[in-house]
Amino acid sequence: MDAPSALREFSAYGLSHWIVLAVFAVGSVLVVRIGRRHRSASAARHFGQAFGAAILALYLVIYLYAMIPLSVGHSVPLRLTDLASLVAAYALWSNQHWAYALTYYWCLTLSTQALASPALASPDFPHYEFLAFWAIHLAVVWAAIYLTWGIGMRPDWRSYRIAVVVTAAWAAVTFAFNSLADTNYGFVNAKPDTPSLLDVLGPWPWYLGTVMLILLAVWALMTWPWIRATESSPRQD
């Protein structure tokens, strides 16, 4: 007899994955509409703070649950998902530019990569690992979409530099920790066991350089159109 569907292993681009992507698309439209509706009102501030608090609460629940039992291999908050969740929550709460910059670049590239090729080895819906993985990844990407296309925050070349410097510092610290503790946070020291986009970027450690070059180029392309739009807007008056 087949195992119940709830106990089957998650499979990328199976039914549950497509449903998650559909939820992501609908949620993206909703957060943009909410942001634009209240862009100039105090309601936007209240919604952003509530959204940020919800992400923080969600992250803390997931993190505290994952810490048990304590293990150096999974209890240290060194994954970019950990940092992106905290930064996105703070960006929503405060609208600080540096926090928005990291949210914009990290969540619209690295977190969306997790949506496209999830490194998720767990039972399928409704297992708690499935729900936790998708809830936090969807939330942080929605945060970046809300801040950018909802309330109208914009990246610039300073944002780009912030993201590059902070990401390089994170990679160096994480690599050093992984090397000392024999862990693999952020997949900096080895590829994930599950199939991912890293599989087509060469063996370790070469894929790290490939990823950095791709991020530098993609993040620049994510910045340039906003700069052009800002520079051309005065001429339209």
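If you're wondering where the values come from, they're calculated on a predicted model, not measured in any experiment.

S.K.: Where do I start with unusual backbone geometry in this structure?
M.R.: Excluding glycine, residues mostly carry a negative phi; peptide bonds, for their part, are mostly trans. In this chain, F125 is followed by P126 through a cis amide linkage whose omega measures 10°. For P126, the position within the fold is in the loop between helix 4 (97-116) and helix 5 (128-150). Look at D182: it is not a glycine, yet its phi comes out positive at around 60°. At F187, a position not held by glycine, the phi torsion is positive, near 55°. By relative accessible area, which is 32% here, F187 ends up partly exposed.

S.K.: Hey, could you run me through helix 1 (residues 15-37) in this one?
M.R.: Given 3.6 residues to a turn, an α-helix orients residues that are three or four positions apart in the same direction. Relative to the 33 Å expected for 23 residues at 1.5 Å per residue, helix 1 spans 33 Å between its end C-alpha atoms, a close match to the ideal helical length. Within helix 1, the full set of buried residues consists of S16, H17, V20, F24, G27, S28, V31, V32 and G35. Lining the buried residues of helix 1 we find helix 2 (42-66), helix 4 and helix 5.

S.K.: Looking at this structure, how should I read helix 7 (residues 206-232)?
M.R.: End to end, helix 7 covers 40 Å across 27 residues, agreeing with the expected 39 Å (1.5 Å per residue, within 8%). Buried positions along helix 7 lie against helix 4, helix 5 and helix 6 (157-181).

S.K.: Honestly, the packing of aromatic side chains in this entry has me stumped. Any pointers?
M.R.: The description of an aromatic ring pair rests on the distance of the ring centres and on the angle between the ring planes. In the structure shown here, the tally under the stated rule is 19 aromatic pairs. Arranged with centres 6.0 Å apart and planes meeting at 55°, the rings of F177 and Y185 form a pair that is tilted. On the basis of relative accessible area, F177 is assigned to the partly exposed category, the value being 25%. Three or more aromatic residues link up through ring pairs in this structure, and these residues are Y100, Y104, Y105, W157, Y160 and W219.

S.K.: Explain the environment of Y207 here, please?
M.R.: Relative to the helices and strands, Y207 resides in helix 7. Using a relative accessible area of 1% as the deciding quantity, one classes Y207 as buried. Residues Y207 and A190 lie 17 residues apart in sequence; the distance between their C-alpha atoms is 9.5 Å. From its side chain, Y207 meets the backbone oxygen of F187 in a polar contact 2.7 Å long. Within the structure, Y207 has its side chain in polar contact with the backbone oxygen of A190 (distance 3.1 Å).

S.K.: Looking at this structure, how should I read the nonpolar core?
M.R.: Most often, soluble globular proteins have nonpolar side chains that are buried together. Counting 54 residues, the largest nonpolar core has F51, I55, W134, Y146, L147 and W219 as its most contacted members. Breaking this core down by element, the ones donating at least two residues are helix 1, helix 2, helix 3 (80-94), helix 4, helix 5, helix 6 and helix 7. In terms of residues, this core owes the most to one element, helix 5, which gives 14 residues. Apart from residues lying up to four places away in sequence, W134 is in contact with F10, H17, V20, A114, L115, P118 and L120.

S.K.: Is there a simple way to think about the environment of N95 in this case?
M.R.: Within the secondary structure, N95 is located in the loop between helix 3 and helix 4. On the accessibility criterion, N95 (30% relative accessible area) is partly exposed. For N95 and G48, which are 47 residues apart along the polypeptide, the C-alpha to C-alpha distance reads 8.6 Å. Look past the residues within four positions of N95 in its chain and what remains in contact with it is R45, Y90, L147, I151 and M153.

S.K.: I tried to follow a nonpolar patch on the surface on my own but got confused; where do I start?
M.R.: On the surface, L56, L60, L64 and L86 cluster together to form a nonpolar patch covering roughly 320 Å² of accessible area. Top element by residues in the nonpolar patch is helix 2. It accounts for 3 residues. With respect to the element layout, L86 can be found in helix 3. Residue class for L86 comes out partly exposed when judged on its relative accessible area of 37%.

S.K.: When you look at the pattern of salt bridges in this model, what are you seeing that I'm missing?
M.R.: Where charged atoms from two side chains of opposite charge come close, those side chains can pair. All told, the structure shown has 1 salt bridge when counted by the stated rule. The partner of R79 in a salt bridge is D82, and the shortest N-O contact between them spans 3.9 Å. D82 gets classed as buried once you look at its relative accessible area, which sits at 6%.

Here is what the cut-offs are and how they apply
- Residues numbered from 1 in each chain as written.
- Predicted model: local features only at pLDDT ≥ 70, side-chain atom pairs only at ≥ 80, totals over all residues.
- Heavy atoms only, no water.
- Helix = DSSP H or I, 4+ residues; strand = E, 2+ residues; numbered from the N terminus.
- Buried < 20%, exposed > 50% of the residue type's maximum accessible area, 1.4 Å probe, protein only.
- Expected span 1.5 Å × (residues − 1).
- Contact = heavy atoms within 4.5 Å.
- Phe/Tyr/Trp six-rings, centres within 6.5 Å; stacked < 30°, edge-to-face > 60°.
- Polar contact = N/O pair within 3.5 Å; in protein donor to acceptor, adjacent residues only side chain to side chain.
- Core = buried A, V, L, I, M, F, W, Y, C linked by side-chain atoms within 4.5 Å.
- Patch = residues over 30% accessible without salt bridge, like charges linked within 9 Å, V, L, I, M, F, W, Y side chains within 5 Å.
- Areas by Shrake-Rupley, 256 points an atom, 1.4 Å probe, with all protein chains shown as cover.
- Salt bridge = Lys/Arg side-chain N within 4 Å of Asp/Glu carboxyl O.

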